[in-house]
Amino acid sequence: MNSVQTVVSQTSPPQKSFLYDPKVRGIFYQVVVVAAIVFLFYVAATNAIENLQRAKIASGFGFLNNTAGFDISQTLIQFSAAGGTYGDAFIVGLLNTLIVSAIGIFFTTILGFLLGIARLSKNWMVAKVAMVYVETLRNIPLLVQLLFWYIAVLGALPQPRNSLEMGAGFYLNSRGLFMAKPIWGTNISVLVGAFVIGLVGTFVYRRWARKQQEQTGRQYPVGKVTLALVLGLPILTWIVLALIGANPITFELPRKGTFNLAGGMQILPEFVALLLGLVTYTAAFIAEVVRAGILAVSKGQSEAAGSLGLTPGQTLRLVVIPQAMRVIVPPLTSQYLNLTKNSSLAVAIGYPDLVQVFMGTVLNQTGQAIEVVVITMGVYLTISLVTSFIMNIYNRRVAIVER
């Protein structure tokens, strides 16, 4: 019995010290790092509170309810210097940032994909023009491009009295683009309802068409039906309502006067310059992302599609692009985030975005530097997280499912 215990004691592994356990050390290091971060935040907050008290600056977010006392050139909501608060100014700046980011993402995606495909074109001229565009614009700082569009291009336009008439109620001058202003009628809800029905119908039809293709191999005109439901149905509803005298939308056209234009809707040159700069600059990077994604797809896929009788356009749209998207989406998300954050450069050309309105005018008037900076950082962080969340959902949908 004693010999057996001796053998067991000799073959059993030695006991590790508690301090040398990898799990224990990992937990210990994490606790130390978290404690150090908490301590640094505590020291920073304490120091900030003492400095604010010494400078007799009130802390908190109560300043958002105070009257702003300044005007904003572009507002998507009702805002005036006399009645608008700092909180309203924050909302105005936020909406201006969101609108330019959303429109910029839409157009830069289209332009970026076209340029990326053009770079791989078999036509020598098309490929070289796309290459020159990409290599030129992505190597020029965005701020320089914004100033170019604002000063050299839009600043050279004529004065309002000599506005360029572009037809159908469009006028272009140094103060921006003047166009017809839509006026919503009482029956606009009917038109919105038709649009919502078109979206729901499109979703149902696309799911049905996909199932039919998986089961039978037959393809249905998804694109044409989508256009008919999303655009055709609201337009048809609009025509019917107009014929029965219940027009849901009327337009106020700009009128050219002696010295200026009256009526209509004005799109500021600052907005146009910012949008053009963001779209053309970011599209150069997206083009390279798209080109890399397409090149990541094996040439055998294109050869197999050609052997089945698919045209080059069908091969690109149905075979290559769907497989390339799994490579394109992650860096494409980064470019969307860059576009949104780069919109803060609008302060250089005077576009009233969140940074120019809130971190500029509001901060200077109130002196609430910490609150204003924290709110602004939180807004951009939230926008980035929401964008990443949506793109991650899409990335999971286009990812290849292994069997």
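Scroll up to find the structure.
We now turn to the structure provided with this report. Everything quoted here is computed from the prediction, not taken from an experiment.

**A word on the packing of helix α5 (residues 142-154) against helix α8 (residues 269-295)**
So, step 1. Across the interface, α5 lies against α8 with an axial gap of 9 Å and an inter-helix angle of 135°. Here α8 runs oblique to α5, going by the angle between their axes. The hand of the α5/α8 crossing is right-handed. On the side of α5, the interface is formed by L142, Q145, L146, W149, Y150 and L154, while α8 contributes P269, E270, V272, A273, L274, L276, G277, L278, T280 and Y281.
So, step 2. Broken down by class, the residue content of the contact of α5 with α8 amounts to 12 nonpolar, three polar and one charged.

**Observations regarding the side chain of T340**
So, step 1. Positionally, T340 belongs in helix α10 (residues 312-342).
So, step 2. A residue is classified by how much of its surface remains accessible, and T340, at 5% relative accessible area, is buried.
So, step 3. If sequence neighbours within four positions are ignored, T340 has contacts with S101, I105, Y380 and I383.

**Considerations on the environment of T136**
So, step 1. Inspection of the secondary structure assignment puts T136 in helix α4 (residues 124-137).
So, step 2. When its relative accessible area of 37% is taken as the criterion, T136 is described as partly exposed.
So, step 3. With 148 residues separating them in the primary sequence, T136 and A284 have C-alpha atoms 8.6 Å apart.

**Re the nonpolar core**
So, step 1. Among the nonpolar cores identified, the biggest contains 22 residues, and F70, F358 and V362 are the most heavily contacted of them.
So, step 2. Looking at this core, the elements with two or more residues in it are α3 (86-119), α11 (354-366) and α12 (369-398).
So, step 3. Ranked by residues supplied to this core, first place goes to α11 with six residues.
So, step 4. Filtering out sequence-adjacent residues up to four positions away, F70 remains in contact with F79, S80, A81, Y86, A89, V357, T361, V362 and Q365.

**Quick look at the environment of I328**
So, step 1. Relative to the assigned elements, I328 resides in helix α10.
So, step 2. Considering only alpha carbons, one finds I328 and V144, 184 residues apart in sequence, at a separation of 28 Å.
So, step 3. The residues touching I328, leaving out its near neighbours within four places in the chain, are F113, V289, V290 and G293.

**Here we look at the sheet that holds strand β3 (residues 176-179)**
So, step 1. As summarised here, the arrangement of the four strands in space is β1-β2-β3-β8, forming an open sheet in which the pairing is antiparallel. Looking along the sheet, the strands with just one partner apiece sit at the ends: β1 (164-167) and β8 (265-267). Taken over all neighbouring pairs, the strand axes of this sheet differ in orientation by 25° on average, direction set aside.
So, step 2. Direction of pairing for β1 relative to strand β2 (residues 170-173): antiparallel, over a ladder of three bridges. Among the inter-strand pairings, L164 is bridged to a residue of β2, identified as L172.

Definitions and limits used
Residues numbered from 1 in each chain as written. Predicted model: local features only at pLDDT ≥ 70, side-chain atom pairs only at ≥ 80, totals over all residues. Heavy atoms only, no water. Axes fitted to C-alpha atoms, helices over the stretch in contact; angles between N-to-C directions. Helix = DSSP H or I, 4+ residues; strand = E, 2+ residues; numbered from the N terminus. Parallel < 35°, antiparallel > 145°, perpendicular 65-115°, else oblique. Left-handed = near helix turned anticlockwise from the far one by under 90°. Contact = heavy atoms within 4.5 Å. Nonpolar A, V, L, I, M, F, W, Y, C, P; charged D, E, K, R; others polar. Buried < 20%, exposed > 50% of the residue type's maximum accessible area, 1.4 Å probe, protein only. Core = buried A, V, L, I, M, F, W, Y, C linked by side-chain atoms within 4.5 Å. Pairing = 2+ DSSP bridges.

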